[in-house]
Amino acid sequence: MFKFCSYLLLCLLTFVACERATDLRVEGKGNVVVECILSEETTQTLRLSLTENASTELRNAVISLTDETEGNLVGFFSHQEGNLWELEYTARPRHSYMLTVEAEGFDQIVAHTTMPERLSVDYSIRLHDVSRFGLLDTLNNSDWELGVKFLIKSLPDGAVWIYGMNYDYSSGRFIPAQTIATSLESSDLFNLTGESYYNSYNPQSDSFFESIYGKEPEYIPPPGLTPGTVILGTRDTYMYYLPKEYRQSMYKYVVGCPLHDTYLRIPPVSENSQRTAADPEGFFSIAGSLQGSSIPSEPSSTDGYLMFVSVSEEYDRYLKDLLKEEARQASNKSFSDLFFRENISGNIEHGIGIFGAKTVQDLPWIKNNRFGDYKHFEW
């Protein structure tokens, strides 16, 4: 189920050209199916097809894109192969667009969408090296936690979809992480797995500190210093005398939060304005079955990461409806049976499908801290 669901939504969120047939059984010429998601890529992709059993080809269709904000024609999509059409153009954030499709024997198809604003989510990577911070420095920190945090106020007002991408060595490509959770309290709960997030780092860290707390450290002074000399800032000061509330933790604000199946949906402010989290300083955290980077300063081509996708209103509704329909038909694994059912919203006038828009931002996710004395803790 997970692999199928992930493939389905990934095709839509990234608009990979997926070959499939729709499930409508229509007599005669059928209905026109349009799938087009505008992005900031240099090439816009559109898929044009007919519902199954249709006998008419659409290769001679005329497909145009108009920038309604500026009031000018952007250009015409050109046919590539099969159902694939392309237009060399980069969609502009916050601009409204109109798509028209003219095909002989069919009513003119019209659809409208507005590109969301460009994503610019601020984040903070926490990689405290406990062997290099003294007790006083530590006590001045408001939050002694490892990982990466995202600033709530930097999210756009519209809907945002978030998912993790892990590298799959067997296939040599990135695939969506199975589960994801967040400390952001306004996340949509429509796709919960029924389980909560937990990690082994925090209890191992607590257990380690408890085992040595209050004991006298074995201190060997550097050359030139007499035995018994204590230097504020050494790991001995930190490891043996640090109060519990200042010990290292990792994604502790996500622990106990519900796990979502593959995707987080952050509703638009108009739907839920309570964008708050337990994290201090206005941040929120994300965790789950993610395989992020261990050392951000030395990135690897196989490091996992997070995808933040800001979507237009109709595209947001379409994605959520599609996931809900997939959950409702959990026993049905037929790819074709999940598309364009009556209860999946679309915005194609005189046709079926979706004309939407998105902006995308790749962001890091830190799995653990490989600096310092505690890198051996299992994640």
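Residues numbered from 1 in each chain as written. Predicted model: local features only at pLDDT ≥ 70, side-chain atom pairs only at ≥ 80, totals over all residues. Heavy atoms only, no water.

### Section: the overall build of the protein chain
When helices and strands are tallied, the protein chain shows five helices and 21 strands. A total of about 17,900 Å² of accessible surface is found on the protein chain, and carbon and sulfur atoms cover 47% of it. (Helix = DSSP H or I, 4+ residues; strand = E, 2+ residues; numbered from the N terminus. Areas by Shrake-Rupley, 256 points an atom, 1.4 Å probe, with all protein chains shown as cover.)

### Considering helix H5 (residues 313-328)
Because each turn of an α-helix spans 3.6 residues, side chains separated by three or four positions in sequence point in the same direction. The terminal C-alpha atoms of H5 lie 23 Å apart, and with 16 residues this matches the ideal 22 Å at 1.5 Å per residue to within 8%. All buried positions along H5 are accounted for by Glu314, Tyr315, Asp316, Tyr318, Leu319, Lys320, Leu322, Leu323, Glu325 and Glu326. (Expected span 1.5 Å × (residues − 1). Buried < 20%, exposed > 50% of the residue type's maximum accessible area, 1.4 Å probe, protein only.)

### Description of the pattern of salt bridges
Evaluation of the coordinates by the stated rule reveals nine salt bridges. Where Asp279 meets Lys149, a salt bridge forms, and the shortest distance between an N and an O atom there is 2.8 Å. Here Asp279 is found in the loop between strand S17 (264-266) and strand S18 (283-284), whereas its partner Lys149 is found in strand S10 (residues 145-151), with 130 residues between them in sequence. Across the pair, exposure class does not vary: Asp279 and Lys149 are buried alike. Here Asp316 and Arg265 are joined by a salt bridge, their closest N and O atoms 2.7 Å apart. In this pair, Asp316 sits in helix H5 while Arg265 sits in strand S17, placing the two residues 51 residues apart along the sequence. (Salt bridge = Lys/Arg side-chain N within 4 Å of Asp/Glu carboxyl O.)

### Describing the environment of Tyr169
Looking at where Tyr169 falls in the secondary structure, it is placed in the loop between strand S11 (160-168) and strand S12 (173-176). Accessibility expressed as a relative area gives 61% for Tyr169, which makes it exposed. With 133 residues separating them in the primary sequence, Tyr169 and Thr302 have C-alpha atoms 8.6 Å apart. At 3.1 Å, the side chain of Tyr169 forms a polar contact with the side chain of Thr302. (Polar contact = N/O pair within 3.5 Å; in protein donor to acceptor, adjacent residues only side chain to side chain.)

### Observations concerning the sheet that holds strand S8 (residues 109-114)
The strand order across the open sheet formed by four strands is S4-S3-S7-S8, and the pairing between neighbours is antiparallel. Strands with a single pairing partner mark the edges of an open sheet, and in this sheet they are strand S4 (72-76) and S8. Going from strand to strand, the sheet's axes swing by 20° on average, the running direction of each strand aside. Pairing between strand S3 (residues 62-67) and strand S7 (residues 96-102): six bridges, direction antiparallel. Note on S7: the bridge partner recorded for Thr66 is Met98. (Pairing = 2+ DSSP bridges. Axes fitted to C-alpha atoms, helices over the stretch in contact; angles between N-to-C directions.)

### Topic: the side chain of Asn191
You can see Asn191 is positioned in the loop between strand S13 (179-182) and strand S14 (192-196). Residue classification places Asn191 among the buried residues on the basis of a relative accessible area of 8%. Within the structure, the side chain of Asn191 is placed 3.0 Å from the side chain of His260, a separation counted as a polar contact. In this structure the side chain of Asn191 is engaged in a polar contact, spanning 2.8 Å, whose partner is the backbone oxygen of Tyr263.

### With respect to the packing of aromatic side chains
Two numbers describe a pair of aromatic rings. These are the distance of the centres and the angle of the planes. Counted according to the given criterion, the structure contains 10 aromatic pairs. With centroids separated by 6.1 Å and ring planes inclined at 70°, the aromatic side chains of Tyr89 and Tyr97 adopt a geometry described as edge-to-face. The two residues Tyr89 and Tyr97 agree in class, both being buried. Judged by centre distance (5.6 Å) and plane angle (40°), the rings of Phe150 and Phe284 are tilted. A residue pair is termed long-range when its members are at least 10 positions apart, and Phe150 in strand S10 and Phe284 in strand S18 qualify at 134 residues. Classification of Phe150 as buried rests on a relative accessible area of 0%. Overall, the relative accessible area of 0% leaves Phe284 in the buried class. (Phe/Tyr/Trp six-rings, centres within 6.5 Å; stacked < 30°, edge-to-face > 60°.)

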